[in-house]
Amino acid sequence: MVKNLSYGTGRRKTSIARVYIREGAAAFQVNGKSLAEYFDLANLRSIIQQPLAVTANDNKLNIYVNVSGGGISGQAGAIRHGLARALAELDEKNRPSLKANGFLTRDSRMVERKKYGQPGARKKFQFSKR
């Protein structure tokens with residue numbers, strides 16, 4: 001049986017990531033694929049690995065992620081948030097450095113909903129006085 005050391009849920013836009021930390025030698029899987037295979041953009045991979053670099057856990061833990069919803073940028077942000085939460089749960093000494101870098105704060109920006117009687121969220125139909 002596989003034992004999880006810690007667990008964290010991350011959210012960003014409409015993406016939700018469930019992050020599991022297990023003992024091992026630096027395996028990083030996202031939805032059954034390797035990190036490089038799932039995220040082909042280097043900047044997204046670096047965003048995801050920021051909490052590991054801050055807490056000096058780069059090559060010490062196996063990380064397994066299930067992520068759904070949104071696009072790849074939102075998913076990367078959700079994974080970073082979930083990973084930071086899981087690392088804070090794993091060891092309380094990690095919490096101050098993660099909080100100082102803003103990794104434990106949920107980015108609550110979401111797409112504003114479209115309003116009825118209008119073409120978009122903010123756009124209005126042209127006003128005609130006559």
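Below: a short report on this structure. (Residues numbered from 1 in each chain as written. Predicted model: local features only at pLDDT ≥ 70, side-chain atom pairs only at ≥ 80, totals over all residues. Heavy atoms only, no water.)

1. Looking at the sheet that holds strand β4 (residues 33–34)
Ordered by their spatial adjacency, five strands build an open sheet running β1-β2-β5-β3-β4, and the pairing between neighbours is mixed. The open sheet is flanked by β1 (6–12) and β4, the only strands paired with a single partner. As defined by bridge partners, strand β2 (residues 15–23) adjoins strand β5 (residues 61–68) across eight bridges and the pair is classed as antiparallel. Bridge pairing in β5 links Tyr 20 to Tyr 64. (Pairing = 2+ DSSP bridges. Helix = DSSP H or I, 4+ residues; strand = E, 2+ residues; numbered from the N terminus.)

2. Structural notes on the packing of aromatic side chains
Tallying each qualifying case throughout the model produces two aromatic pairs. Between Tyr 38 and Phe 39, the aromatic rings sit 5.0 Å apart at their centres with planes inclined by 70°, giving edge-to-face as the arrangement. (Phe/Tyr/Trp six-rings, centres within 6.5 Å; stacked < 30°, edge-to-face > 60°.)

3. Things to note about the environment of Leu 61
Summarising the element assignment, Leu 61 is placed in strand β5. C-alpha separation for the pair Leu 61 and Ala 27, spaced 34 residues apart in sequence, amounts to 7.1 Å. Setting aside anything within four residues of it in sequence, one finds Leu 61 in contact with Leu 5, Ile 21, Arg 22, Gly 24, Ala 26, Ala 27, Leu 87 and Leu 90. (Contact = heavy atoms within 4.5 Å.)

4. Remarks on unusual backbone geometry
A positive phi is found at Lys 13, a non-glycine position, where the angle reads about 50°. Position of Lys 13 relative to the elements: it lies in the loop between β1 and β2. Since its relative accessible area comes to 41%, Lys 13 is described here as partly exposed. Phi is positive for Asn 31, close to 50°, though the residue is something other than glycine. Tracing the backbone through its elements, the reader meets Asn 31 in the loop between β3 (28–30) and β4. Of the residues examined, Asn 31 reaches a relative accessible area of 32% and is grouped as partly exposed. (Buried < 20%, exposed > 50% of the residue type's maximum accessible area, 1.4 Å probe, protein only.)

5. Quick notes on the pairing of β2
Pairing between β1 and β2: seven bridges, direction antiparallel. Its bridge partner being in β2, Ser 6 is matched across the sheet by Ile 21.

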